[in-house]
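Structure at a glance
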Amino acid sequence: MSTPPVIVRVTGRLGRIVLNRPRTINALTSEMVDIVHDTLDLWEESPRVRNIIISGSGGRGLCAGGDIRAIHADAVSGGSSSLDFWRREYRLNARIADYPKPIIAWMDGLVMGGGIGIAGHASHRVVTERAKLAMPEVGIGFHPDVGGSWLLGRAPGEVGTHLALTGTSIEAADAIAFGLADDFVPSRGFAHLLTQLSVHNANPAIAMLAETAPAAGLSHQRKWIDSCYGADTVGEILERLRAHPDAAARAAAKEIATKSPTSLAVALRSIRSARRLPHLQSALKQEYRLSKAMLRSPDLAEGIRAQIIDKDRCPRWSPSDISAVSESFIDKFFAPTDGEPALASEAAQ
């Protein structure tokens with residue numbers, strides 16, 4: 001009997017959704033997205049379910065993102081199955097954000113890419129001392145999607161820009177400070193939290209176990225982050241970082257220089273424009289346009305090849321330098337296209 005990719009159960013008044021592909025750190029597939037979406041539909045009107053918690057199996061993380069190998073196969077073959085996956089995934093992101101019952105995201109271990117889309121829009125986002133959150137898409141020739149542009153665009157100052165362009169991970173205290181999480185509960189408290197959520201409302205159940213997160217470092221680096229990333233272009237940001245006396249700024253410049261120039265320019269504009277959009281759904285629509293365009297961009301297949309398939313860590317980006325990425329070139333990624341997803345929650349806007 002095959003192991004289900006998502007485990008669903010109800011205990012007391014608590015509905016549990018467990019992402020269950022531990023060998024891939026619960027990387028999302030279309031089947032998993034559909035199961036989660038269908039389960040939320042089922043439980044919305046159920047008087048039996050008061051709270052819902054989403055967690056990951058295997059002990060390494062909630063979710064490491066989407067199925068990158070499947071996307072690579074699609075990119076190199078000229079297929080379109082990734083477009084269907086993204087439509088379903090982005091609808092789920094919007095569904096989670098608008099869900100009428102409390103959804104608690106248990107962020108223990110890695111939470112990357114699609115994992116941010118699952119957890120970042122939940123009503124109650126709980127991190128542990130093992131949590132590491134990241135949007136590393138520019139390193140594989142992609143962009144911060146799953147509502148990542150919306151979340152990063154609303155982080156304080158220019159922290160979201162720093163996270164998007166470097167792909168760096170953050171821990172619990174920074175995740176809370178930057179608006180990607182709400183509460184800190186030590187990992188040892190998971191079983192107790194499940195018990196409390198099965199009988200109590202979400203807010204008091206979490207409050208019983210919440211503690212102050214251990215101090216993290218990025219919050220204390222806001223001065224150079226806000227100064228350097230406040231520039232209008234990636235090229236100007238790199239110039240400021242390289243010239244800054246803080247070693248962390250110069251290290252950030254070196255890290256950014258390894259990423260796809262196209263992805264960097266797309267990500268910067270995406271985050272800046274998301275700040276002006278009226279709601280998450282509009283950001284997800286914009287992200288779908290970008291995902292559709294980037295599926296046909298050479299950098300996505302090349303980035304996944306270098307980082308995941310061959311693991312040589314030497315991607316050959318095209319173009320290879322940010323100076324060769326023009327504004328008119330990036331305009332094409334943002335142009336509206338046919339077949340953009342209709343999000344169920346848009347009717348309420």
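Everything in this summary refers to the structure shown in the same document. (Residues numbered from 1 in each chain as written. Predicted model: local features only at pLDDT ≥ 70, side-chain atom pairs only at ≥ 80, totals over all residues. Heavy atoms only, no water.)

**Some details on the overall build of the protein chain**
Per the secondary structure count, the protein chain includes 16 helices and nine strands. Here the C-alpha atoms of the protein chain give a radius of gyration of 20 Å, agreeing with the 20 Å that 2.2 N^0.38 yields for 349 residues. Taken over the C-alpha atoms alone, the protein chain extends approximately 60 × 45 × 40 Å along its principal axes. For the protein chain, with 349 residues in total, the buried portion stands at 55%. Surface exposure of the protein chain reaches about 14,300 Å², of which carbon and sulfur atoms provide 52%. Within the protein chain, one finds 39 positive and 38 negative side-chain charges whose respective centroids are separated by 3 Å. (Helix = DSSP H or I, 4+ residues; strand = E, 2+ residues; numbered from the N terminus. Rg over C-alpha atoms; globule rule 2.2 N^0.38 Å. Buried < 20%, exposed > 50% of the residue type's maximum accessible area, 1.4 Å probe, protein only. Areas by Shrake-Rupley, 256 points an atom, 1.4 Å probe, with all protein chains shown as cover. Lys, Arg positive; Asp, Glu negative; His and termini not counted. Charge placed at Lys NZ, Arg CZ, Asp CG, Glu CD.)

**With respect to helix α13 (residues 261-274)**
Counted at 1.5 Å a residue, the expected span for α13 with its 14 residues is 20 Å, and the 20 Å between its end C-alpha atoms agrees. Burial analysis of α13 places 13 of its 14 residues in the buried class, which makes it a mostly covered element. (Expected span 1.5 Å × (residues − 1).)

**Examining the packing of helix α1 (residues 30-44) against helix α3 (residues 81-98)**
Direction vectors running N to C along α1 and α3 enclose 30°, while the axes themselves pass 9 Å from each other. Regarding the angle of α1 to α3, the classification is roughly parallel. Two packed elements cross with a definite hand, and for α1 against α3 that hand is left-handed. Taken together, the residues of α3 that come into contact with α1 (itself represented by S30, V33, D34, V36, H37, L40, D41 and E44) are F85, R88, E89, R91, L92, R95 and I96. Split into classes, the residues belonging to the contact of α1 with α3 amount to six nonpolar, two polar and seven charged. (Axes fitted to C-alpha atoms, helices over the stretch in contact; angles between N-to-C directions. Parallel < 35°, antiparallel > 145°, perpendicular 65-115°, else oblique. Left-handed = near helix turned anticlockwise from the far one by under 90°. Contact = heavy atoms within 4.5 Å. Nonpolar A, V, L, I, M, F, W, Y, C, P; charged D, E, K, R; others polar.)

**Quick notes on the environment of R50**
Tracing the sequence through the fold places R50 in the loop between α1 and β3 (51-56). Of the residues examined, R50 reaches a relative accessible area of 25% and is grouped as partly exposed. In this structure, the C-alpha to C-alpha distance between R50 and A202, residues 152 residues apart in sequence, is 8.6 Å. Sequence-distant contacts of R50, defined by excluding residues within four places in its chain, comprise R13, K101, P102, V199, H200 and N201. Within the structure, the side chain of R50 is placed 3.4 Å from the side chain of N201, a separation counted as a polar contact. (Polar contact = N/O pair within 3.5 Å; in protein donor to acceptor, adjacent residues only side chain to side chain.)

**Section: the sheet that holds strand β1 (residues 6-11)**
The sheet built from six strands is open, its strands ordered β1-β2-β3-β5-β7-β9 with mixed pairing. Only two strands of the sheet have a single neighbouring strand rather than two, namely β1 and β9 (183-184). Pairing geometry for strand β2 (residues 14-19) and β3, over six bridges, is parallel. The residue bridging I17 from the neighbouring strand is I54, located in β3. Where helix α8 (residues 190-197) meets the sheet, its contacts fall on β2, β3 and β5 (103-107), and the angle it forms with β3 comes to roughly 160°. (Pairing = 2+ DSSP bridges.)

**Here we look at the nonpolar core**
Among the nonpolar cores identified, the biggest contains 93 residues, and L19, L40, W86, L133, Y229 and L241 are the most heavily contacted of them. Residues in contact with W86, not counting those within four places in the same chain, are I71, F142, D145, Y288, S291, K292 and L295. If you look at the next biggest cluster of nonpolar residues, it comprises 14 residues, including V185, L197, A205 and L209. (Core = buried A, V, L, I, M, F, W, Y, C linked by side-chain atoms within 4.5 Å.)

**Regarding the pattern of salt bridges**
Counted under the stated rule, the structure contains 17 salt bridges. Each of E302, R305, D310 and D312 takes part in a single network of salt bridges with overlapping partners. (Salt bridge = Lys/Arg side-chain N within 4 Å of Asp/Glu carboxyl O.)

**Remarks on α1**
Count 3.6 residues to each turn of an α-helix, and residues three or four apart come out pointing the same way. For α1, which comprises 15 residues, the first-to-last C-alpha distance of 21 Å matches the rise-based estimate of 21 Å (1.5 Å per residue) to within 8%. If you check which residues of α1 are buried, you get M32, V33, V36, H37, T39, L40 and W43. The buried residues of α1 all sit within an arc of 160° when viewed along its axis, so they share a single face. The exposed set on the far side of α1, more than 90 degrees from its buried face, consists of D38 and L42. Looking at the buried positions of α1, the neighbouring elements they touch are β1, β2, β3, α3 and β5. (Arc of directions from axis to C-beta.)

**A short note on the side chain of R272**
By the element assignment, R272 lies in helix α13. By relative accessible area, R272 is classed as buried at 17%. One polar contact links the side chain of R272 to the main-chain carbonyl oxygen of A231, over a distance of 3.1 Å. Those residues within four positions of R272 in sequence are excluded, and the remaining contacts are E158, T161, Y229, G230, A231, D232 and I237.

**As for the sheet that holds strand β6 (residues 110-112)**
The parallel open sheet is built from three strands, whose spatial order is β4-β6-β8. Of all strands in the sheet, those with a lone pairing partner are β4 (61-63) and β8 (132-134), marking the two edges. Neighbour to neighbour, the strand axes of the sheet diverge by 15° on average, direction disregarded. Pairing of β4 with β6, which is carried by two bridges, proceeds in the parallel orientation. What sits directly across from C63, in β6, is V111.

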